[in-house]
Amino acid sequence: MQTYNPDNYAIEFSKFQDYNLFYDTEIDVRQQLKYPPFCDIIVIDMSAKDIRELSQIAKNVHGYLKQRVINEKFGVLLYSPVPSPIEKIKDRYRMRIIIKCKYDERINNLLTDCNNEFYNMKKNTARMAIELNPNNMM
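Visitor: Lay out the packing of aromatic side chains in plain terms, naming residues and giving numbers.
Guide: In the structure shown here, the tally under the stated rule is four aromatic pairs. Here Phe 118 and Tyr 119 contribute two aromatic rings whose centre-to-centre distance is 4.8 Å and whose plane-to-plane angle is 85 degrees, an arrangement assigned as edge-to-face. Stacked on the ring of Phe 74, the Lys or Arg Arg 106 has its end atom at 4.2 Å from the ring centre.

If you want it as structure tokens, here you go:
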């Protein structure tokens with residue numbers, strides 16, 4: 001096994017094949033960090049060929065979401081837009097907004113409205129994708 005974190009509890013517990021200790025530790029960490037199954041993670045990925053266009057759209061989308069979350073008292077954690085872990089792919093700059101919440105019909109409606117708002121404000125090269133509980137955060 002290769003790892004950059006040989007002291008990580010998952011690696012340590014796997015040496016001793018202590019499934020129960022691993023599970024108990026992992027579930028506590030997930031609850032503290034508001035990770036599934038205690039919370040859903042929504043990633044809004046945006047990309048554009050022009051970094052200024054992308055930054056403006058990300059700011060506008062975040063502002064729209066923030067206003068809705070505050071006004072309608074959604075129980076969510078809304079994070080500010082940040083560059084994606086891989087900031088540029090195929091001449092497209094990438095940014096993302098992360099939301100932590102319990103996914104339900106109200107959140108679905110919020111995301112649908114956000115998607116519509118994005119397409120009303122978008123410029124020529126901007127794109128947006130919304131993913132619920134992604135397998136990979138890259």
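Visitor: Please set out the packing of helix α3 (residues 51-71) against helix α4 (residues 105-121) residue by residue, giving values where relevant.
Guide: At a minimum axis distance of 10 Å, the contact between α3 and α4 shows a crossing angle of 145 degrees. Between α3 and α4 lies a crossing of right-handed hand. On the side of α3, the interface is formed by Ile 57, Asn 60, Val 61, Tyr 64, Leu 65, Arg 68 and Val 69, while α4 contributes Leu 110, Asp 113, Cys 114, Glu 117, Phe 118 and Met 121. The residue inventory of the contact of α3 with α4, partitioned by class, reads nine nonpolar, one polar and three charged.

Visitor: Tell me about the nonpolar core, residues and numbers included.
Guide: Ranked by internal contacts, the top residues of the largest apolar core, which has 25 residues, are Ile 44, Met 46, Val 61 and Ile 99. Mapped onto this core, the elements with two or more residues apiece are β1 (40-48), α3, β4 (92-101) and α4. Among the elements that make up this core, the one with the highest residue count is α3 (seven residues). Setting aside residues no more than four positions away along its own chain, Met 46 makes contact with Leu 54, Ile 57, Ala 58, Val 61, Tyr 93, Arg 94, Met 95, Arg 96, Ile 97, Arg 127 and Met 128.

The rules we used
Residues numbered from 1 in each chain as written. Predicted model: local features only at pLDDT ≥ 70, side-chain atom pairs only at ≥ 80, totals over all residues. Heavy atoms only, no water. Phe/Tyr/Trp six-rings, centres within 6.5 Å; stacked < 30°, edge-to-face > 60°. Lys NZ or Arg CZ within 6 Å of the ring centre and 35° of its normal. Axes fitted to C-alpha atoms, helices over the stretch in contact; angles between N-to-C directions. Helix = DSSP H or I, 4+ residues; strand = E, 2+ residues; numbered from the N terminus. Left-handed = near helix turned anticlockwise from the far one by under 90°. Contact = heavy atoms within 4.5 Å. Nonpolar A, V, L, I, M, F, W, Y, C, P; charged D, E, K, R; others polar. Core = buried A, V, L, I, M, F, W, Y, C linked by side-chain atoms within 4.5 Å. Buried < 20%, exposed > 50% of the residue type's maximum accessible area, 1.4 Å probe, protein only.

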